[in-house]
Amino acid sequence: MKILITLALTALALFAGCGQQDVQAVREAAVAADGDQKLADGAFRAELVFCRRVGAKTGKRLEVGDRFEASDDERDRNIHAFVDLRGLPPGVHQIHVVWLKPGGEELFRKYAEVSVAPADSARWRTQIVWKDGNNLRFAEPEEAVVGPAPDLTVSSRLNVAPDRKREPGTYAVKIYWNRELLLERPFDYVAAD
(Lines give C-alpha, C1' and ligand atoms only; values in the text may rest on other atoms or scores of the structure.)
Protein backbone atom coordinates (compact mmCIF):
# COMPACT_ATOMS: atom_id res chain seq x y z
CA MET A 1 0.00 0.00 0.00
CA LYS A 2 2.84 2.41 0.89
CA ILE A 3 4.43 1.73 -2.49
CA LEU A 4 1.19 2.63 -4.28
CA ILE A 5 0.88 5.88 -2.31
CA THR A 6 4.51 6.78 -3.03
CA LEU A 7 4.05 6.00 -6.74
CA ALA A 8 0.85 8.05 -6.85
CA LEU A 9 2.52 11.03 -5.16
CA THR A 10 5.51 10.75 -7.49
CA ALA A 11 3.26 10.65 -10.55
CA LEU A 12 1.33 13.63 -9.23
CA ALA A 13 4.57 15.54 -8.71
CA LEU A 14 5.69 14.75 -12.25
CA PHE A 15 2.49 16.08 -13.75
CA ALA A 16 1.83 18.99 -11.39
CA GLY A 17 5.36 19.99 -10.41
CA CYS A 18 6.31 20.33 -6.78
CA GLY A 19 3.06 21.00 -4.98
CA GLN A 20 1.74 21.49 -1.48
CA GLN A 21 2.03 17.78 -0.57
CA ASP A 22 5.69 17.65 -1.60
CA VAL A 23 6.48 20.77 0.38
CA GLN A 24 4.62 19.39 3.43
CA ALA A 25 6.54 16.09 3.23
CA VAL A 26 9.86 17.92 3.12
CA ARG A 27 8.90 20.14 6.08
CA GLU A 28 7.79 17.14 8.16
CA ALA A 29 11.00 15.26 7.37
CA ALA A 30 13.13 18.29 8.33
CA VAL A 31 11.40 18.45 11.72
CA ALA A 32 11.72 14.71 12.40
CA ALA A 33 14.68 13.59 14.49
CA ASP A 34 17.28 16.24 13.67
CA GLY A 35 16.44 16.23 9.98
CA ASP A 36 16.67 12.44 9.62
CA GLN A 37 14.44 12.29 6.58
CA LYS A 38 12.28 9.21 6.27
CA LEU A 39 11.11 9.76 2.70
CA ALA A 40 11.05 7.13 0.00
CA ASP A 41 14.13 6.82 -2.21
CA GLY A 42 13.80 9.27 -5.07
CA ALA A 43 11.27 11.44 -3.18
CA PHE A 44 11.78 15.20 -3.20
CA ARG A 45 13.70 16.27 -0.09
CA ALA A 46 15.68 19.25 1.11
CA GLU A 47 18.21 20.14 3.78
CA LEU A 48 19.57 23.51 4.89
CA VAL A 49 23.17 23.52 6.17
CA PHE A 50 25.22 26.42 7.58
CA CYS A 51 29.01 26.60 7.60
CA ARG A 52 31.70 29.20 8.18
CA ARG A 53 34.04 28.35 5.31
CA VAL A 54 34.18 26.45 2.04
CA GLY A 55 37.39 24.67 1.01
CA ALA A 56 38.97 26.53 -1.92
CA LYS A 57 40.21 23.37 -3.62
CA THR A 58 37.68 20.79 -2.51
CA GLY A 59 34.50 22.82 -2.08
CA LYS A 60 34.04 20.97 1.23
CA ARG A 61 31.93 22.72 3.85
CA LEU A 62 34.09 23.59 6.86
CA GLU A 63 32.97 24.45 10.40
CA VAL A 64 29.40 23.26 9.86
CA GLY A 65 27.05 24.29 12.65
CA ASP A 66 24.42 26.67 13.90
CA ARG A 67 26.55 28.91 16.16
CA PHE A 68 29.18 31.26 14.75
CA GLU A 69 31.46 33.63 16.62
CA ALA A 70 32.42 37.11 15.40
CA SER A 71 36.00 37.18 14.13
CA ASP A 72 38.53 39.57 12.62
CA ASP A 73 39.99 36.72 10.54
CA GLU A 74 39.59 37.35 6.79
CA ARG A 75 38.63 33.68 6.33
CA ASP A 76 35.62 34.14 8.63
CA ARG A 77 33.96 37.02 6.82
CA ASN A 78 30.93 34.96 5.68
CA ILE A 79 28.36 32.55 7.00
CA HIS A 80 27.32 30.23 4.18
CA ALA A 81 23.90 28.61 3.71
CA PHE A 82 23.61 25.58 1.45
CA VAL A 83 20.23 24.20 0.41
CA ASP A 84 20.65 20.62 -0.82
CA LEU A 85 17.67 19.62 -2.96
CA ARG A 86 17.28 15.93 -3.89
CA GLY A 87 14.81 14.11 -6.10
CA LEU A 88 13.59 17.29 -7.81
CA PRO A 89 10.52 16.96 -10.02
CA PRO A 90 11.04 17.86 -13.70
CA GLY A 91 10.14 21.39 -14.75
CA VAL A 92 11.01 24.98 -13.89
CA HIS A 93 10.63 25.97 -10.25
CA GLN A 94 11.14 29.14 -8.22
CA ILE A 95 13.29 29.28 -5.12
CA HIS A 96 13.69 32.18 -2.69
CA VAL A 97 16.44 32.28 -0.06
CA VAL A 98 15.43 34.83 2.60
CA TRP A 99 17.85 35.93 5.34
CA LEU A 100 16.31 37.30 8.54
CA LYS A 101 18.11 39.33 11.19
CA PRO A 102 17.45 39.07 14.94
CA GLY A 103 13.85 40.06 15.61
CA GLY A 104 12.66 38.49 12.34
CA GLU A 105 13.03 41.48 10.03
CA GLU A 106 14.13 40.60 6.49
CA LEU A 107 17.79 41.36 5.81
CA PHE A 108 17.87 40.40 2.12
CA ARG A 109 16.67 37.74 -0.30
CA LYS A 110 17.92 35.91 -3.36
CA TYR A 111 15.64 34.56 -6.07
CA ALA A 112 16.33 31.91 -8.69
CA GLU A 113 14.61 29.74 -11.23
CA VAL A 114 15.66 26.12 -11.09
CA SER A 115 15.17 23.89 -14.13
CA VAL A 116 15.24 20.11 -14.06
CA ALA A 117 15.00 17.92 -17.17
CA PRO A 118 16.13 14.48 -18.33
CA ALA A 119 19.47 14.75 -20.17
CA ASP A 120 19.16 11.23 -21.54
CA SER A 121 17.72 7.91 -20.36
CA ALA A 122 20.02 7.69 -17.32
CA ARG A 123 20.99 11.27 -16.44
CA TRP A 124 19.42 14.57 -15.38
CA ARG A 125 20.27 18.15 -16.30
CA THR A 126 19.81 20.79 -13.57
CA GLN A 127 20.45 24.51 -13.78
CA ILE A 128 20.06 27.54 -11.53
CA VAL A 129 19.39 30.98 -13.03
CA TRP A 130 19.60 33.84 -10.52
CA LYS A 131 17.04 36.62 -11.04
CA ASP A 132 16.49 40.16 -9.78
CA GLY A 133 12.96 41.07 -8.68
CA ASN A 134 13.59 44.73 -9.57
CA ASN A 135 15.04 44.08 -13.03
CA LEU A 136 13.01 41.53 -14.98
CA ARG A 137 15.65 41.25 -17.71
CA PHE A 138 18.44 40.30 -15.31
CA ALA A 139 19.47 36.65 -15.46
CA GLU A 140 22.69 35.19 -14.11
CA PRO A 141 22.83 31.50 -15.01
CA GLU A 142 25.13 29.07 -13.25
CA GLU A 143 26.67 26.34 -15.35
CA ALA A 144 24.23 23.49 -15.96
CA VAL A 145 25.05 20.20 -14.24
CA VAL A 146 24.39 16.76 -15.70
CA GLY A 147 24.31 13.90 -13.21
CA PRO A 148 22.73 10.58 -12.35
CA ALA A 149 19.97 12.11 -10.21
CA PRO A 150 17.77 15.24 -10.31
CA ASP A 151 19.70 16.91 -7.47
CA LEU A 152 21.23 20.35 -6.98
CA THR A 153 22.54 22.72 -4.33
CA VAL A 154 21.62 26.38 -3.97
CA SER A 155 24.01 28.52 -1.95
CA SER A 156 23.95 31.98 -0.41
CA ARG A 157 26.08 33.78 2.15
CA LEU A 158 25.86 36.51 4.75
CA ASN A 159 28.83 38.87 5.03
CA VAL A 160 29.71 39.25 8.73
CA ALA A 161 33.04 41.07 8.28
CA PRO A 162 33.72 43.52 11.16
CA ASP A 163 33.06 46.56 8.93
CA ARG A 164 29.47 45.30 8.39
CA LYS A 165 28.77 45.67 12.13
CA ARG A 166 26.28 42.80 12.29
CA GLU A 167 24.50 42.68 15.62
CA PRO A 168 24.85 39.48 17.67
CA GLY A 169 21.72 37.38 17.98
CA THR A 170 19.65 34.70 16.33
CA TYR A 171 19.44 34.99 12.56
CA ALA A 172 17.43 32.68 10.33
CA VAL A 173 17.13 31.58 6.73
CA LYS A 174 13.81 30.72 5.10
CA ILE A 175 13.63 28.73 1.88
CA TYR A 176 10.56 29.13 -0.31
CA TRP A 177 9.90 26.62 -3.09
CA ASN A 178 7.35 27.75 -5.69
CA ARG A 179 6.20 30.45 -3.23
CA GLU A 180 5.57 27.96 -0.39
CA LEU A 181 7.69 27.89 2.78
CA LEU A 182 9.82 24.77 2.45
CA LEU A 183 12.40 25.12 5.24
CA GLU A 184 13.31 27.56 7.99
CA ARG A 185 16.37 27.27 10.20
CA PRO A 186 17.95 29.64 12.75
CA PHE A 187 21.61 30.13 13.65
CA ASP A 188 23.34 32.18 16.33
CA TYR A 189 25.92 34.87 15.64
CA VAL A 190 27.69 35.69 18.88
CA ALA A 191 30.28 38.24 20.00
CA ALA A 192 33.88 37.02 20.29
CA ASP A 193 34.81 35.66 23.72
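Residues numbered from 1 in each chain as written. Predicted model: local features only at pLDDT ≥ 70, side-chain atom pairs only at ≥ 80, totals over all residues. Heavy atoms only, no water.

**Student:** I'd like a description of the packing of aromatic side chains, backed by residues and values.
**Tutor:** One pass over the structure, following the stated rule, counts seven aromatic pairs. Relative to Trp 177, the ring of Phe 44 has its centre 5.2 Å away and its plane inclined at 35°; by these criteria the two rings are tilted. Here Trp 177 lies in strand β11 (residues 169–177) and Phe 44 lies in the loop between α2 (20–31) and β1 (45–54), a separation of 133 residues in the sequence. Side by side, Phe 44 and Trp 177 carry an identical accessibility label, which is buried. Ring centres of Phe 68 and Phe 187 lie 6.0 Å apart, and the angle between their planes is 75°; this geometry places the pair in the edge-to-face category. Pair noted here: Phe 68 is in strand β3 (residues 67–69) and Phe 187 is in strand β12 (residues 180–190), with a separation of 119 residues, a long-range link. Judged by relative accessible area, which is 3%, Phe 68 ranks as buried. The rings of Phe 50, Phe 68, Trp 99, Phe 108, Tyr 171, Phe 187 and Tyr 189 are connected pair by pair, giving a single aromatic cluster. (Phe/Tyr/Trp six-rings, centres within 6.5 Å; stacked < 30°, edge-to-face > 60°. Helix = DSSP H or I, 4+ residues; strand = E, 2+ residues; numbered from the N terminus. Buried < 20%, exposed > 50% of the residue type's maximum accessible area, 1.4 Å probe, protein only.)

**Student:** Can you lay out the side chain of His 80 for me, pointing to particular residues and giving the numbers?
**Tutor:** Considering the arrangement of structural elements, one finds His 80 in strand β4 (residues 78–86). According to the relative accessible area criterion, His 80 is buried, its value standing at 14%. Setting aside chain neighbours within four positions, we find His 80 in contact with Val 49, Phe 50, Cys 51, Arg 52, Arg 53, Val 54, Ser 156 and Arg 157. (Contact = heavy atoms within 4.5 Å.)

**Student:** Provide a residue-level description of the environment of His 96, including the pertinent values.
**Tutor:** The residue His 96 is located in strand β5 (residues 91–100) in this model. Beyond its immediate sequence surroundings of up to four residues, His 96 is in contact with Arg 109, Lys 110, Tyr 111, Lys 174, Ile 175 and Tyr 176.

**Student:** Report on the side chain of Arg 53, specifying residues and quantitative values.
**Tutor:** With respect to the helices and strands, the residue Arg 53 is situated in strand β1. You can call Arg 53 buried: its relative accessible area is 16%. A distance of 2.8 Å separates the side chain of Arg 53 from the side chain of Asp 76, its partner in a polar contact. When sequence neighbours within four positions are dropped, the list of residues in contact with Arg 53 reads Lys 60, Arg 61, Leu 62, Glu 63, Asp 73, Arg 75, Asp 76 and His 80. (Polar contact = N/O pair within 3.5 Å; in protein donor to acceptor, adjacent residues only side chain to side chain.)

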